[in-house]
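Remarks on the overall topology
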Amino acid sequence: MKQYKGVVFFDYDGTTVDEVDRIKTATDKTIESLKKLKENGYLTMLCSGRTKRFLEADIDKFQGAITCNGSYTEVEGEIVRDIYIPDELLFRVIDEYFPRDTIIQMDTQDVTYYLHNDAEFFAYFCRLFNLPDRWYAPWKFRKTENHIAKLVMNYKSPDVFEDFKKEFVNDFECAKHVRENFFDITLKGVTKGDAVTELIEKLGIDPKDSYAFGDADNDVEMMKAVGTGIAMGRHSDAVGEVAAMVTGTVKEEGITQGLEKLGLI
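As the structure is a prediction and not an experimental result, all values here were calculated from the model.

**What to know about the overall build of the protein**
When helices and strands are tallied, the protein shows eight helices and 14 strands. Whereas a compact globule of 265 residues would reach a radius of gyration of roughly 18 Å, the protein reaches 18 Å, a difference of no more than 12%. If one aligns the C-alpha atoms of the protein with their principal axes, the spans along those axes are about 55 × 35 × 35 Å. Residues counted as buried form 53% of the 265 residues belonging to the protein. Partitioning the contacts of the protein with sequence separation of at least 6, the portion at a separation of at least 24 is 60%. Put simply, the protein shows about 12,700 Å² of open surface, and 47% of that area lies on carbon and sulfur atoms. Averaging the coordinates of the 34 positive side-chain charges in the protein and doing the same for the 48 negative ones gives two points 4 Å apart.

**Focus: the pairing of strand E1 (residues 6-10)**
In terms of burial, E1 is a largely internal element, five of the five residues being buried. Bridge analysis of E1 against strand E2 (residues 42-47) gives five bridges, and the strand direction is parallel. Bridged to Val8 within E2 is Thr44. Traced from E1 through helix H1 (residues 28-39) to E2, the parallel crossover comes out right-handed. Looking at chain direction, E1 and strand E12 (residues 210-214) are connected through four bridges and run parallel.

**Regarding the state of the cysteines**
Under the definition given, this model contains zero disulfides. With no disulfide of its own, Cys126 lies closest to Cys68 among cysteine sulfurs, the gap being 17 Å. Cysteine Cys174 is unpaired, with the sulfur of Cys68 as its nearest cysteine sulfur at 15 Å. Here Cys174 falls in the partly exposed class, since its relative accessible area comes to 25%.

**A short note on the packing of aromatic side chains**
Within the structure shown, the criterion is met by 20 aromatic pairs. Geometrically, the ring pair formed by Phe91 and Trp139 is edge-to-face, given 6.2 Å between the ring centres and 85 degrees between the ring planes. Residue Phe91 is located in helix H2 (residues 87-97), and its partner Trp139 is located in the loop between strand E8 (136-138) and strand E9 (150-154); the two are separated by 48 residues in the primary sequence. Phe91 sits in the partly exposed class, given a relative accessible area of 37%. Look at Tyr97 and Phe168: their rings are 6.2 Å apart centre to centre, the planes differ by 50 degrees, and that puts the pair in the tilted class. Here Phe168 lies in the loop between helix H4 (159-167) and strand E10 (172-176) and Tyr97 lies in helix H2, a separation of 71 residues in the sequence. Judged on exposure class, the residue Tyr97 and its partner Phe168 are both buried. Through pairs of rings, three or more aromatic residues link up here, namely Phe54, Tyr114, Phe121, Phe122, Phe125, Trp135 and Tyr136.

**Looking at the sheet that holds strand E4 (residues 72-75)**
Strand pairs in the sheet, formed through backbone hydrogen bonds, run parallel or antiparallel to each other. In spatial order, the strands read E5-E4-E3-E2-E1-E12-E13-E14; together these eight strands make up an open sheet with mixed pairing. Only two strands of the sheet have a single partner each, and these edge strands are strand E5 (78-82) and strand E14 (245-246). With four bridges connecting them, strand E3 (residues 64-67) and E4 associate as antiparallel partners. The partner of Ile66 across the bridge, within E4, is Thr73. Sheet strands in contact with H1 are E1 and E2, and its direction is about 135 degrees off that of E2. Running over the sheet, helix H8 (residues 254-262) touches E1, E12, strand E13 (228-231) and E14 and is turned about 155 degrees from E12.

**Considering the nonpolar core**
Val93, Met106, Leu151, Met153, Phe164 and Phe172 are the most contacted members of the largest nonpolar core, which has 25 residues in total. Of all the secondary-structure elements, those providing two or more residues to this core are H2, strand E6 (103-107), E9, H4 and strand E11 (182-187). Per-element tally for this core: the top contributor is H2, with five residues. Those residues in contact with Leu151, other than ones at most four positions away along the chain, are Ile85, Leu90, Val93, Gln105, Met106, Phe183, Asp184 and Ile185. Among the nonpolar cores identified, the runner-up in size contains 21 residues, and Phe10, Leu46, Met232 and Leu259 belong to it.

**Considering the sheet that holds E8**
An order of E8-E7-E6-E9-E11-E10 is seen for the six strands of this open sheet, with the pairing classed as mixed. Both edges of this open sheet fall to E8 and E10, since each of them pairs with a single strand only. Sheet twist, expressed as the average angle between the axes of neighbouring strands with direction ignored, equals 25 degrees. Relative to strand E7 (residues 112-114), E6 runs antiparallel, the two being bridged by three bridges. When the bridges of E7 are listed, Asp107 appears paired with Thr112. Sitting on the sheet, helix H3 (residues 119-129) is in contact with E6, E7, E8 and E9, with an inclination near 70 degrees to E6.

**Here's the deal with H8**
Every α-helix carries 3.6 residues per turn, so stepping three or four residues along brings you back to the same face. All buried positions along H8 are accounted for by Gly254, Ile255, Thr256, Gly258 and Leu259. The elements touched by buried residues of H8 are E1, H1, E12 and E14.

**With respect to unusual backbone geometry**
A positive phi angle is found at Arg22, which is not glycine, with a value near 60 degrees. Along the polypeptide, Arg22 turns up in the loop between E1 and H1.

Thresholds, definitions, all that
Residues numbered from 1 in each chain as written. Predicted model: local features only at pLDDT ≥ 70, side-chain atom pairs only at ≥ 80, totals over all residues. Heavy atoms only, no water. Helix = DSSP H or I, 4+ residues; strand = E, 2+ residues; numbered from the N terminus. Rg over C-alpha atoms; globule rule 2.2 N^0.38 Å. Buried < 20%, exposed > 50% of the residue type's maximum accessible area, 1.4 Å probe, protein only. Contact = heavy atoms within 4.5 Å. Areas by Shrake-Rupley, 256 points an atom, 1.4 Å probe, with all protein chains shown as cover. Lys, Arg positive; Asp, Glu negative; His and termini not counted. Charge placed at Lys NZ, Arg CZ, Asp CG, Glu CD. Pairing = 2+ DSSP bridges. Right-handed = clockwise from strand over helix to strand, strands pointing away. Disulfide = S-S within 2.5 Å. Phe/Tyr/Trp six-rings, centres within 6.5 Å; stacked < 30°, edge-to-face > 60°. Axes fitted to C-alpha atoms, helices over the stretch in contact; angles between N-to-C directions. Core = buried A, V, L, I, M, F, W, Y, C linked by side-chain atoms within 4.5 Å.

The following block contains the structure:
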């Protein structure tokens, strides 16, 4: 694999784009800064809870991506990590939690599957957020080679989240969304930080030459894994506790500000 001077990881929602300020794709200034980073010998990595499909607007601006909260890693077109949920465990979750008035989405890198009973919900979801229908498909169309990297559960009763965490404490990691009543589910031990550590070691990069920009709780492990963590202008308390510095918001071009302050561009 190619040699790099260092590596910079970028969260997506709230870091590269920002729903609050209606910034839906990476800004021109961010794209320019990513090009400068690459020219200066740094690997640029997107690091998100989203799948590749849900990152398609910007994933090509980076040299690689860690997706599904650490389940999958790809660098310069080479897959270096692909961890997925076994069907036996997946079916256990469905059998036990679908009857509890939940909606479960099953994420692969290319398409998100749903149970046939939830078709109306996902049709509405696509209309609400202007998402392409091709991003979703009923479970009956699932191809066995399409690995389920992550689950997302939508629930009504608050007991569901707590019950799930306790029941599957030895099987899964659970990361609650900023929005209410959604949480991500990946296999135990799979986090952004775990994937970041693995990649840094694989590339032979000194940890002090690794950096991460983030804003939310699921970025904490990533920030702990790198030499320098940078919190965006709007960030969670947990991120603020582990970040070495704070930069501006996406609207304030926080990524470029941070990279310039660090002397990386």
